[in-house]
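Listed here are the chains, written in short residue letters.
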Amino acid sequence: MESFDPAELPELLKLYYRRLFPYSQYYRWLNYGGVIKNYFQHREFSFTLKDDIYIRYQSFNNQSDLEKEMQKMNPYKIDIGAVYSHRPNQHNTVKLGAFQAQEKELVFDIDMTDYDDVRRCCSSADICSKCWTLMTMAIHIIDRALKEDFGFKHRLWVYSGRRGVHCWVCDESVRKLSSAVRSGIVEYLSLVKGGQDVKKKVHLNEKIHPFVRKSINIIKKYFEEYALVDQDILENKESWDKILALVPEAIHEDLQKNFQKSHSSLQRWEYLKKIASTSQNIKNDKCGPWLEWEIMLQYCFPRLDINVSKGINHLLKSPFSVHPKTGRISVPIDLQKVDQFDPFTVPTISSICHELDVIFTSEKEKEGTDAESDVKHRTKDYKKTSLAPYVKVFEQFLENLDKSRKGELLKKSDLQKAF
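Because the structure is predicted, anything quoted here is derived from the model rather than measured.

Caption draft 1: The arrangement of the overall build of the protein in detail. Summing up its helical and strand segments, the protein has 15 helices and eight strands in all. When its C-alpha atoms are laid out on the principal axes, the protein stretches across 80 × 65 × 45 Å. Put simply, the protein has 419 residues, and 51% of those count as buried. Taking as baseline every contact in the protein between residues at least 6 positions apart, the subset at least 24 positions apart corresponds to 70%. Within the structure as shown, the protein displays about 20600 Å² of accessible surface, and the carbon and sulfur contribution to it stands at 49%. Across the protein, 64 positive and 59 negative side-chain charges occur, with their mean positions spaced 5 Å apart.

Right under this line is the structure:
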């Protein structure tokens, strides 16, 4: 992988926005088939420019307008906001109170820093393959619920470019949801509650909700290797004391004794499970299998940024934006290959621009330089780089959106014929 030098970013962005950004697919997504008049024109974009200059309420007439502006501004970061009642770039001319956010995709933002109290390999902005499993589990758990529990069809998962993932739920009915309903959905998907001062963040009882049960079944597939081997969560007294704080005091002494004799996190975990299932109702402290589940959930369950999801006017980083610190592209994640997704192999802006240079140079040598060939090269240049498979994932998502939209239109016309 080509190393990334932030000093080169302005020049690399020029090339990226001129020749590699997948504008037609991007417009096709946010235009949603042009079914609703002015849907794209009323969408807010925000650009972060060099030196953290932040411009909100950008909006565009069409794909060509968007392209021109992006190539002129070369934004370091692109955020997407809501579809408003009026064109966002004219919001100052609208009567006070009339400019309102009306629709937006339901979005989720999962950031690795929110797991700092339970990961031992890295902290803050750092990630490694040992903790990335948290994101793998998060995608599986949240996506299963969105699909099966809520029946949402069009879910686009995107790597943030650094330390997290985003999800865009794009079904037509979902884009119209009120803030209150969005809050309800996030609430349903949240189990880990309480700030830094709260030690025990997950509380279950004997009645386990199917959503919780299904989430635990997903975590079980990863728990041993992730938590007991890679994170080694019961490695020493300091680490196992954190776990003892989550179980009834009545069994602390027994666990402490055994943990000191055991030789690995695996052995200690087996003993904890045994004690939890046999120590029913010690001094009114309820024990049971849910005790181990509470620990598994606290260490592995997705931690969502609630505010990002509930606000309709909340901005979220755009797919195919570039992360200015890592140079990595925010690429869509193939839901068929979540377990194989590796953030460290995601193309950086330097690597794809370099690939393009190499191809361009060799093609120029073959053909000699004529103006016509330059135009020819510019069509679908991303296809010649390692960005191509990620654009393909995006296209597959758009294909399904189109099919679904056509299906809805057919249904409507059949209904009209029936009357």
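Caption draft 2: Up close: the pattern of salt bridges. Under the defined criterion, the tally for this structure stands at 26 salt bridges. One salt bridge connects Lys176 with Glu172, and the closest N-O pair in it is separated by 3.5 Å. Taking the relative accessible area as the measure of exposure, Glu172 reaches 39% and is therefore partly exposed. A salt bridge links Glu294 to Lys200; its shortest N-O distance comes to 2.5 Å.

Caption draft 3: How the structure looks around the environment of Gln260. Its location among the elements puts Gln260 in helix H9 (residues 252-261). For Gln260, a relative accessible area of 52% corresponds to the exposed category. Distance from Gln260 to Arg405, taken between C-alpha atoms, is 61 Å for residues 145 residues apart in sequence.

Caption draft 4: Structural context of the pairing of strand E7 (residues 164-169). Counted residue by residue, E7 has six buried out of six residues, so it is predominantly covered. Side chains of E7 alternate between two faces, with Gly164, His166 and Trp168 and Val165, Cys167 and Val169 buried alike. Here strand E5 (residues 106-111) runs beside E7; their pairing, made up of six bridges, is antiparallel. Among the inter-strand pairings, Phe108 is bridged to a residue of E7, identified as Cys167. Pairing of strand E6 (residues 155-159) with E7, which is carried by five bridges, proceeds in the antiparallel orientation. Within E7, the position partnered with Val158 by the bridge is His166. Hairpin connection between E6 and E7: a loop of four residues separates the two successive antiparallel strands, and Gly161 in this loop has a positive phi of roughly 105 degrees.

Caption draft 5: Quick look at the packing of aromatic side chains. In this structure the tally under the stated criterion is 29 aromatic pairs. Judged by centre distance (6.4 Å) and plane angle (75 degrees), the ring pair of Phe21 and Phe320 falls under edge-to-face. Here the residue Phe21 occupies a position in the loop between helix H1 (9-20) and helix H2 (23-31), and Phe320 occupies one in the loop between strand E8 (316-317) and helix H13 (349-367), the gap between them amounting to 299 residues. Judged on exposure class, the residue Phe21 and its partner Phe320 are both buried. Taking 6.2 Å as the distance between ring centres and 70 degrees as the angle between the ring planes, the aromatic pair formed by Tyr26 and Trp29 counts as edge-to-face. With Tyr26 and Trp29 both in helix H2 and three residues apart, this pair spans about one turn of that helix. According to the relative accessible area criterion, Tyr26 is buried, its value standing at 0%. With a relative accessible area of 0%, Trp29 lands in the buried category. Directly above the aromatic system of Tyr32 lies the positively charged group of Arg175, at a separation of 3.6 Å from the ring centroid.

Caption draft 6: Highlighting unusual backbone geometry. Here the phi dihedral of Asn38 falls at roughly 65 degrees; this positive angle occurs in a residue that is not glycine. In this structure, Phe320 is a non-glycine residue whose phi angle is positive, near 70 degrees.

Caption draft 7: How the structure looks around the pairing of E6. Burial within E6 is extensive, with five of its five residues counted as buried. Burial of E6 is two-sided: the residues Arg155, Trp157 and Tyr159 facing one way and the residues Leu156 and Val158 facing the other way are all buried.

Caption draft 8: Examining the sheet that holds E5 more closely. In spatial order, the strands read E5-E7-E6; together these three strands make up an open sheet with antiparallel pairing. In this open sheet, the two edge strands, each paired with only one partner strand, are E5 and E6. The sheet shows a mean angle of 15 degrees between the axes of neighbouring strands, taken without regard to direction. The strands touched by helix H4 (residues 129-149) within the sheet are E5, E6 and E7, with E6 carrying the most contacts at an inclination of about 170 degrees.

Caption draft 9: Spatial organisation of the nonpolar core. Core analysis: the biggest nonpolar cluster contains 125 residues, and Tyr16, Trp29, Phe45, Phe108 and Ile349 have the highest contact counts within it. A total of eleven residues in this core trace back to one element, the largest contributor, which is H4. Not counting residues up to four positions away in its chain, the partners in contact with Ile349 are Phe4, Leu9, Leu12, Leu13, Tyr16, Val322, Gly327 and Ile329.

Caption draft 10: Region of interest: the packing of helix H8 (residues 237-244) against H9. Put simply, H8 and H9 touch, their axes get as near as 11 Å, and they point 155 degrees apart. Overall, the two elements H8 and H9 adopt an arrangement that is roughly antiparallel. In this structure, H8 crosses over H9, and the sense of that crossing is right-handed. Seen from H8, the contacting residues are Lys237, Trp240, Asp241 and Leu244; seen from H9, they are His252, Leu255, Gln256, Phe259 and Gln260. Of the residues in the contact of H8 with H9, the class split is four nonpolar, three polar and two charged.

Caption draft 11: Quick look at the side chain of Ser190. Among the structural elements, Ser190 can be located in the loop between helix H6 (179-188) and helix H7 (210-230). Those residues in contact with Ser190, other than ones at most four positions away along the chain, are Phe301, Leu304 and Ile306.

Procedures and definitions
- Residues numbered from 1 in each chain as written.
- Predicted model: local features only at pLDDT ≥ 70, side-chain atom pairs only at ≥ 80, totals over all residues.
- Heavy atoms only, no water.
- Helix = DSSP H or I, 4+ residues; strand = E, 2+ residues; numbered from the N terminus.
- Buried < 20%, exposed > 50% of the residue type's maximum accessible area, 1.4 Å probe, protein only.
- Contact = heavy atoms within 4.5 Å.
- Areas by Shrake-Rupley, 256 points an atom, 1.4 Å probe, with all protein chains shown as cover.
- Lys, Arg positive; Asp, Glu negative; His and termini not counted.
- Charge placed at Lys NZ, Arg CZ, Asp CG, Glu CD.
- Salt bridge = Lys/Arg side-chain N within 4 Å of Asp/Glu carboxyl O.
- Pairing = 2+ DSSP bridges.
- Phe/Tyr/Trp six-rings, centres within 6.5 Å; stacked < 30°, edge-to-face > 60°.
- Lys NZ or Arg CZ within 6 Å of the ring centre and 35° of its normal.
- Axes fitted to C-alpha atoms, helices over the stretch in contact; angles between N-to-C directions.
- Core = buried A, V, L, I, M, F, W, Y, C linked by side-chain atoms within 4.5 Å.
- Parallel < 35°, antiparallel > 145°, perpendicular 65-115°, else oblique.
- Left-handed = near helix turned anticlockwise from the far one by under 90°.
- Nonpolar A, V, L, I, M, F, W, Y, C, P; charged D, E, K, R; others polar.

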